[in-house]
Amino acid sequence: MRVQEVLGESEYSLGSNGAAEGMHKAVLVDLDHRPNAVKASFDISNAHNEFCREAAVREVQTHIPTMLPWLKGHLVTEVSHVYLGDDGTHHTITKSRGGDQGDAVTAILFPLVYRKVTMALQAGAAAIDPEAREYAYQDDAELICTLPALPGASAAFDEACRGILLRANLLKTTVTLGRGINVSTVSSDLPIEPRAIVPK
């Protein structure tokens, strides 16, 4: 099984050029089809540097075991880096979470781990809004749902993040309103992003 098959259609970062722009347009078109919904954008801190490496091992073993030989070196749950100081002394830095900065394999492993979070986000919203849909590009997660579904989605997002050692920044959640929503009905605690125009 290929990584993209495991991730499904909601993850845009693998397998195509211009995917970030493609996701942005898809989200806005989805929002235009649901005028009484919102687009909620969710944030996490230091995503690629902090995800649970053991969770990455489990995802590869479960979904794409044929990649284990290729990814074996990247799935070690504790890594030691040696830093050579200006004075010639060696310093060992131990890392047990996340991927290494600039490592292309992290761009494959992270979405596999983060998929549990985006699925939980969608499921949390679907309890109130069965048409809720999530979108992801690496650590950028967006959700189209009705306003009443947002608290459950946010709680599910936070819990799923903690499960893979990520830190959700729920205070940074923003919403873009569907065309049918009166801004006066939106809680003042939710920052509202201006709408982008989608050509028809």
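That block above? That's the structure.
Fair warning: this is a prediction, and the values are worked out from it, not measured in the lab. (Residues numbered from 1 in each chain as written. Predicted model: local features only at pLDDT ≥ 70, side-chain atom pairs only at ≥ 80, totals over all residues. Heavy atoms only, no water.)

*Asks:* Help me understand the nonpolar core in this model?
*Replies:* Generally speaking, a soluble globular protein has its nonpolar side chains buried in company with each other. Core analysis: the largest hydrophobic core is formed by 46 residues, its most contacted members being Val 3, Phe 42, Ile 44, Tyr 114, Leu 143, Phe 157 and Leu 166. Secondary structure elements with two or more residues in this core: α1 (3-7), β1 (38-42), α4 (53-63), α6 (106-126), β6 (140-145), α7 (150-163) and β8 (174-177). Residue contributions to this core peak at 9 residues, all from α6. Judged by nonpolar contacts, the second largest core, of 8 residues, contains Tyr 12, Met 23, Ala 37 and Tyr 135. (Core = buried A, V, L, I, M, F, W, Y, C linked by side-chain atoms within 4.5 Å. Buried < 20%, exposed > 50% of the residue type's maximum accessible area, 1.4 Å probe, protein only. Helix = DSSP H or I, 4+ residues; strand = E, 2+ residues; numbered from the N terminus.)

*Asks:* What is the right way to look at the pattern of salt bridges in this model?
*Replies:* Opposite charge on two side chains makes pairing possible when the charged atoms of those side chains draw close. In total, this model carries 10 salt bridges according to the counting rule given. The closest approach of N and O atoms between Glu 50 and Arg 97, which form a salt bridge, is 3.6 Å. Within this pair, whereas Glu 50 is found in helix α3 (residues 47-50), its partner Arg 97 is found in the loop between β4 (90-95) and α6, the two being separated by 47 residues in sequence. Glu 50 gets classed as buried once you look at its relative accessible area, which sits at 14%. Overall, Arg 97 belongs to the partly exposed group, its relative accessible area being 32%. Residue Glu 134 is joined to Arg 115 by a salt bridge in which the shortest nitrogen-to-oxygen separation is 2.7 Å. Separated by 19 residues along the polypeptide, Glu 134 in strand β5 (residues 133-137) and Arg 115 in helix α6 bring together distant segments of the chain. According to the relative accessible area criterion, Glu 134 is buried, its value standing at 6%. Connected via shared salt-bridge partners are Arg 34, Asp 129 and Glu 131. (Salt bridge = Lys/Arg side-chain N within 4 Å of Asp/Glu carboxyl O.)

*Asks:* Teacher, can you tell me more about the environment of Pro 111 here?
*Replies:* Looking at the element boundaries, Pro 111 is found in helix α6. Along the chain, Pro 111 and Ser 154 lie 43 residues apart, while their C-alpha atoms are 19 Å from each other. With residues near it in sequence (within four places) discarded, Pro 111 still touches Leu 7, Glu 11, Ser 13, Thr 106 and Gln 138. (Contact = heavy atoms within 4.5 Å.)

*Asks:* What is the right way to read the packing of aromatic side chains from this model?
*Replies:* Any two aromatic rings considered together are summarised by their centre-to-centre distance and by the angle between their planes. Under the defined criterion, the tally for this structure stands at 4 aromatic pairs. With 4.9 Å between their ring centres and 40° between their planes, Phe 42 and Phe 157 make a pair best called tilted. Residue Phe 42 is found in strand β1, and its partner Phe 157 is found in helix α7; the two are separated by 115 residues along the sequence. In this structure, Phe 42 and Phe 157 share a single accessibility class: buried. With 5.8 Å between their ring centres and 65° between their planes, Phe 51 and Phe 110 make a pair best called edge-to-face. Of this pair, Phe 51 sits in the loop between α3 and α4 while Phe 110 sits in helix α6, placing them 59 residues apart in sequence. Judged by relative accessible area, which is 2%, Phe 51 ranks as buried. Through successive ring pairs, a cluster of aromatic residues spans Phe 51, Phe 110 and Tyr 114. (Phe/Tyr/Trp six-rings, centres within 6.5 Å; stacked < 30°, edge-to-face > 60°.)

*Asks:* So what exactly am I meant to see when it comes to the packing of α6 against α7 here?
*Replies:* A pair of packed helices is captured by two measures, namely the crossing angle of their axes and the spacing between those axes. As a packed pair, α6 and α7 sit with axes 7 Å apart at the nearest point and diverge in direction by 155°. In terms of axis orientation, α6 runs roughly antiparallel to α7. The two elements α6 and α7 meet at a crossing, and its hand is right-handed. On the side of α6, the interface is formed by Tyr 114, Lys 116, Val 117, Ala 120, Leu 121, Gly 124 and Ala 125, while α7 contributes Gly 152, Ala 153, Ala 156, Phe 157, Ala 160 and Cys 161. In terms of residue class, the contact of α6 with α7 is built from 10 nonpolar, 2 polar and 1 charged. (Axes fitted to C-alpha atoms, helices over the stretch in contact; angles between N-to-C directions. Parallel < 35°, antiparallel > 145°, perpendicular 65-115°, else oblique. Left-handed = near helix turned anticlockwise from the far one by under 90°. Nonpolar A, V, L, I, M, F, W, Y, C, P; charged D, E, K, R; others polar.)

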